[in-house]
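Coordinate inspection notes
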Amino acid sequence: MKGNFFYVQLAKSNIKRNERNFIPFWLSCMIVVAFFFNMLNLKQIVEHSEDVYGNTTVASFLGFGGVIVGILAAIFVFYANSFLMKNRKKELGLYGILGLEKRHVALMLLIENLFIAGSSIISGLLLGMAFGKLLFLAMAKLIQYAVNMPFTIYTGPIWWTIAVFAVLFLLVLVFNLITMHLTEPVELLKSKNHGEKQPRFLRLTAMAGFFCIGAGYYIAITTTNPLKAILMFFFAVLLVIVGTHYLFTAGSVVFLKMLKKNQKFYYRPTNFISTSSLIYRMRKNATGLANICVLSCMVIVTVSTTATVYGSMEKALDKRFPRDYQMEWTLREEKDRLKIYQSLLGKYADQAGVTITDEYSTRSLGFMTMPINDVLVRDANEFNTMDAMGLDGFLWVNVYPAQDFSVIFEEEIDISLAKDEVIVSENPVVNNRQILNIAGKEYRIKKIVPMKEIKGLEEANVLDDLLQIVVFVADIEEVFELQKQDQENPHASTPEESLYFNIKGNKENIATFDRLVMATRNNENEDERLRLDSKEWNRAEYYGFTGGLYFIGIFLGSLFLLLTVLIIYFKQMSEGEEDRERFQILMKVGLSHAEAKKVIHKQLVMMFFLPLVTAIIHVTVARFIIERLLLVGFGGNYGLLTPYLALTIVIFAVIYFTVYLWTSKTYYQIVNSGNGTH
Amino acid sequence: MKILEVQDLKKVYTTRFNLNKCEALRSVSFSVEQGEFVAIMGESGSGKSTLLNIIASLLKQTAGYVGLAGKNIAEIKDSQLSAFRRDHLGFVFQDFNLLDNFSVKDNMLLPMVLAQKPYDLMLQRVQEVAALLKITDLLEKFPYEISGGEKQRTAIGRAIITNPELLLADEPTGALDSKASERILRLFQQINETGQTILMVTHSVRAASKAKRVLFIKDGQVFNEIYKAEQTDDAFYQKIMNTLAVMTNGGE
Ligand SMILES: Nc1ncnc2c1ncn2[C@@H]1O[C@H](COP(=O)(O)OP(=O)(O)OP(=O)(O)O)[C@@H](O)[C@H]1O
Ligand SMILES: [Mg+2]
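Cut-off values and rules
- Residues numbered from 1 in each chain as written.
- Chains lettered and ligands numbered in written order.
- Predicted model: local features only at pLDDT ≥ 70, side-chain atom pairs only at ≥ 80, totals over all residues.
- Heavy atoms only, no water.
- Helix = DSSP H or I, 4+ residues; strand = E, 2+ residues; numbered from the N terminus.
- Rg over C-alpha atoms; globule rule 2.2 N^0.38 Å.
- Buried < 20%, exposed > 50% of the residue type's maximum accessible area, 1.4 Å probe, protein only.
- Axes fitted to C-alpha atoms, helices over the stretch in contact; angles between N-to-C directions.
- Parallel < 35°, antiparallel > 145°, perpendicular 65-115°, else oblique.
- Nonpolar A, V, L, I, M, F, W, Y, C, P; charged D, E, K, R; others polar.
- Salt bridge = Lys/Arg side-chain N within 4 Å of Asp/Glu carboxyl O.
- Patch = residues over 30% accessible without salt bridge, like charges linked within 9 Å, V, L, I, M, F, W, Y side chains within 5 Å.
- Areas by Shrake-Rupley, 256 points an atom, 1.4 Å probe, with all protein chains shown as cover.
- Lys, Arg positive; Asp, Glu negative; His and termini not counted.
- Charge placed at Lys NZ, Arg CZ, Asp CG, Glu CD.
- Near = heavy atom within 4 Å.
- Polar contact = N/O pair within 3.5 Å; in protein donor to acceptor, adjacent residues only side chain to side chain.
- Contact = heavy atoms within 4.5 Å.
- Buried area = accessible area lost by both parts, 1.4 Å probe.
- Phe/Tyr/Trp six-rings, centres within 6.5 Å; stacked < 30°, edge-to-face > 60°.
- Core = buried A, V, L, I, M, F, W, Y, C linked by side-chain atoms within 4.5 Å.
- Pairing = 2+ DSSP bridges.

1. Points about the overall build of chain B
From N to C terminus, chain B includes 8 helices and 10 strands. Here the C-alpha radius of gyration of chain B, 18 Å, is about what a compact globule of 252 residues would show, namely 18 Å. Projecting the C-alpha coordinates of chain B onto the three principal axes gives extents of approximately 55 × 45 × 35 Å. Counting over 252 residues, chain B shows a buried share of 54%.

2. Digging into the packing of helix 2 (residues 19–48) of chain A against helix 17 (residues 535–589) of chain A
Residues and elements named next belong to chain A. Two numbers describe how helix 2 lies on helix 17: the axes approach to 11 Å, and their chain directions differ by 170 degrees. In terms of orientation, helix 2 and helix 17 fall into the roughly antiparallel class. For the contact of helix 2 with helix 17, a count of residues per class yields 18 nonpolar, 4 polar and 2 charged.

3. Here we look at the pattern of salt bridges
Enumeration according to the criterion identifies 23 salt bridges over all chains in this entry. Put simply, Arg206 of chain B and Asp234 of chain B hold a salt bridge, and the shortest N to O gap is 3.6 Å. Of the two residues, Arg206 of chain B sits in helix 7 (residues 205–208) while Asp234 of chain B sits in helix 8 (residues 233–251), which places them 28 residues apart along the sequence. For Arg206 of chain B, a relative accessible area of 35% translates into the label partly exposed. Look at Asp234 of chain B and you get exposed, because its relative accessible area is 54%. For Asp233 of chain B, the salt bridge is made with Lys210 of chain B, and the minimal N-O distance between the two is 3.4 Å. Of this pair, Asp233 of chain B sits in helix 8 while Lys210 of chain B sits in the loop between helix 7 and strand 9 (213–218), and the two are 23 residues apart along the sequence. Assessed through its relative accessible area of 8%, Lys210 of chain B is described here as buried. Counted as one network, the salt bridges with shared partners bring together Arg281, Glu575, Asp579 and Arg582 of chain A.

4. Thoughts on unusual backbone geometry
Residues and elements named next belong to chain B. One non-glycine residue with positive phi stands out, namely Asn163, at about 50 degrees. With respect to the helices and strands, the residue Asn163 is situated in the loop between helix 5 (148–160) and strand 7 (166–170). The backbone of Glu171 shows a phi angle near 45 degrees, a positive value even though the residue is not glycine. Looking at the element boundaries, Glu171 is found in the loop between strand 7 and helix 6 (178–193). Glu171 sits in the buried class, given a relative accessible area of 15%.

5. Remarks on a positive patch on the surface
All names here are of chain B. Judged by side-chain charge, Lys134, Lys179, Arg183 and Arg186 come together as a positively charged surface patch. Relative to the elements of secondary structure, Lys179 occurs in helix 6. The class for Lys179 is exposed, based on a relative accessible area of 70%.

6. Let's talk about the site of ligand 1
All names here are of chain B. In the region of ligand 1, 13 residues are neighbours, and Ser44, Gly45, Lys48, Ser49 and Thr50 sit closest. Measuring from an oxygen atom of ligand 1, one finds a side-chain N or O atom of Ser44 at 2.5 Å. Take Ser46: an N or O atom from its main chain is 3.3 Å from an oxygen atom of ligand 1. When ligand 1 sits alone it has 630 Å² of accessible area, and the protein chains cover 60% of it. Counting only elements with at least two residues in the shell around ligand 1, the list comes to strand 2 (21–33) and helix 1 (48–55). For the shell around ligand 1, the element with the most residues is helix 1, which contributes 3 residues. Of the residues that constitute the shell around ligand 1, the class distribution is 3 nonpolar, 7 polar and 3 charged.

7. Quick look at the environment of Val240 of chain A
All names here are of chain A. With respect to the secondary-structure elements, Val240 resides in helix 8 (residues 226–261). Overall, the relative accessible area of 13% leaves Val240 in the buried class. Along the chain, Val240 and Gly209 lie 31 residues apart, while their C-alpha atoms are 8.4 Å from each other. Not counting chain neighbours up to four residues away, the residues in contact with Val240 comprise Ile213, Gly216, Tyr217 and His618.

8. Remarks on the interface of chain A and chain B
Across the contact, 28 residues belong to chain A and 28 residues belong to chain B. Together, the buried faces of chain A and chain B total about 2600 Å²; carbon and sulfur atoms form 60% of this surface. In this structure, the connection of chain A to chain B is made through 1 salt bridge. A salt bridge links Arg86 of chain B to Glu595 of chain A, with the shortest nitrogen-to-oxygen separation between them at 3.8 Å. In this structure, the connection of chain A to chain B is made through 7 residue pairs in polar contact (both at pLDDT 80 or more). Secondary-structure elements contributing two or more residues to the side of chain A that touches chain B are helix 9 (263–266), helix 10 (269–311) and helix 17 of chain A.

9. Re the packing of aromatic side chains
On inspection of all chains with the given rule, the structure shows 33 aromatic pairs over all chains. Centroid distance Phe35 of chain A to Phe555 of chain A: 5.0 Å. Interplanar angle 70 degrees. Geometry classified as edge-to-face. Placement of the pair is Phe35 of chain A in helix 2 and Phe555 of chain A in helix 17, with a sequence separation of 520 residues. You'll find Phe35 of chain A and Phe555 of chain A in the same group, each marked buried. Taken together, a centroid distance of 4.8 Å and an interplanar angle of 25 degrees make the contact between Tyr267 of chain A and Tyr119 of chain B stacked. Of this pair, Tyr267 of chain A sits in the loop between helix 9 and helix 10 while Tyr119 of chain B sits in helix 4 (residues 119–133), placing the two residues on different chains.

10. Section: the nonpolar core
Ranked by internal contacts, the top residues of the largest apolar core, which has 182 residues, are Phe25, Leu62 and Phe165 of chain A together with Val214 and Ile240 of chain B. Per element, the largest residue contribution to this core is 22 residues, and it comes from helix 17 of chain A. Excluding anything up to four places from it in sequence, Ile240 of chain B contacts Met41, Val205, Ala208, Ser209, Val214, Phe216 and Ile226 of chain B.

11. Quick look at the pairing of strand 5 (residues 421–425) of chain A
Residues and elements named next belong to chain A. The element strand 5 is largely enclosed, with a buried count of 5 among its 5 residues. Pairing geometry for strand 5 and strand 7 (residues 441–449), over 5 bridges, is parallel. Looking at strand 7, one finds that Val422 is bridged to Ile445. Here 2 bridges tie strand 5 to strand 8 (residues 468–473), and the two strands are oriented antiparallel to one another. Each residue of the ladder has a partner; that of Ile423, found in strand 8, is Phe472.

Have a look at this one:
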């Protein structure tokens, strides 16, 4: 009993003595706990608030965010722990040599671990609860929940947090015990002074790094198919992460060794010291630098992309809904429903006291195809969108009668087409062609027009110009003709008519109108298949979706940022400890204070700005593919991506620089401490 | 010609709150002639390292005079101190103080690089010194790849590469076994024969017996000094032992 108390005391004094290492570790664990708890708790809150438009979307985002935070927490806690242990190896070795048995040291580690785990989980939960309300309000504002959604702290997330982190700390302890068990005390004593083993195949690894980054960049720049972009994005990201690691660990050393070979350059005082110490540093800590770089990229990409989505929400809504209301139904040759609906709407409008304005309608036949030998086969039912993601040949075809040309292109031109003539939108499929074959019927291409913003074309939100083609045929009869061509096909689509209109009136009247038309909404009559939708009804869902995304973006972005800062801090700490001894020796040999300061500064700047500059280059290239990604689901970035990205980079760089100033101050302090040399 | 002159040197360490003053050196006076090999002995805590560090200008004295190559080191400006140290002094430490990120060659070259000497000269000197110290084969190795004795030879190489007026050594054999110590001491004698002035602090009588003169420090003062003259190492060894016996007995 008394003996155990001794180890408790020992563990306590260890933590106190290693404050500079333990406090940031404890702090970061606490923060990660707080983030994790809040992610889960917010999910619960959103899930419990029923009848909120899109709350399942937001909840699933939050759940997804929770998983990411959990994974990051695990990686990070292990990473921070490895720093801590590295700095303490000497101390632990000393205990061994002083005669403390391994199991006693293990007991001491266990007590330390229990203490750190307990205190960081409890304080993390408290911190999380303290800031929970604030986060909740931020989220509610972003997703514009007007409804009652009370802030509550649920017990489920508390238990989950405790469970997840208890397991995590247990794994850390096991890891530490295994490392300790595998190392001899003498090795522990020496371990800090050894330069890391020189990696083999340095040149090859460096080249692999270059190749990976190059391939990632190539994919990012050349992937034009937005549906493919989703898959390719992850592929490119993986390549760049791997490439960055290789480049930092091997490429930098290869480069520095080249500098070293140049004797005129190398044997100058500052070059001499900084080149060799950078080689040493890179060998030991390149992984840390690569991690900082990757995390920086994540912060910038996550925040700027979600901000773009959120910022362009209204525009995306406008694109999806060219008018306040839109109505779609199956077009039948024998029945003109347009007149019926127009008069019905007119009646409702009169009743509600509003006026219908800016009305227009289009008729079209839309189908998906995979051009086979330049024939646009109708409704190739073997594929679906998922299959199409990996395929280049996928194409969405919309056939309109020529009368609708001016409506769609907003150009008042009279065009008359012969029965066998078509006007098509720009697309590789029709490049340099005179004939277009649609489902076996040949048409002469009269004109190719550039694809502009096409109003009311729902698919325009999802698809890129490359993936869709608009075809204008002589008249509506020709459209029906095309439909008949494929009547046996059960999957065959039918032509549709769409009516778009705005309404004018005061708020109350609009609400009345809304109620009236609601009755007509979604008449799923087989023959008619009427769908009525309003911009306003969708706005809530859009806000829930984009606001939720933006919230997660900022939430994860700030977590990434915090982790980046902490990793930098850990790195500076352990490097400072090492450099202190080195600079003391250098000064004894005759390096002046001023020179030392210059060298330290040079080294710090290099180590700091290498990841930042690399990250900025990475995200600048990533912009290309992100732009494509945003086309899917958001209909583009509406020119916001570039300014938002630039802004995020600037803000990030400012924060990064502040961290640099802060940690380099501590670094100087460490290096200079106990340095009596003049 | 006097290389080093120390007069009434006093050093008082003041701890952080000025509560405990510790007088490490009370009044030390001695001088070292060009080409001498002097050993300093004394009990642990008698202030030997303190003395050496003051001479090396790594530490400031409380009072007294230290003249190195005719220059009062107290008068050298802070900004010139490291250059002075580099040009006039070589220092060998007990724990070698080599840098792990430099090869043996680069470790030795360090003071020359700092002094911005031309590369050709550096290369020539490093070859000469390495040949003298018999470490030519190790030049491209790193400190963690060589033995303690080899590390100390590298450290000596670094100390003598600039041809300093005075070579200071604080227990250079303290971390080595007797065989490696023997080699290092023979090296010191050899270097001394080429004209290098050496001032060495040591605990080991065996090591001191290699020197031409031994100074004994006690109670912050030079207690005694004996010359080797024409005696053999063994005879000198015996004499040092006797002096030490007198010194400890006299203290009781
Ligand atoms: N930085 C310091 N601050 C306070 N006192 C010190 C400091 N350095 C040394 N001392 C004290 O000064 C005295 C002389 O120390 P010094 O290191 O010079 O002894 P030494 O003769 O080299 O001993 P050893 O043979 O054990 O190396 C000792 O009593 C020591 O405690
Ligand atoms: Mg000493």
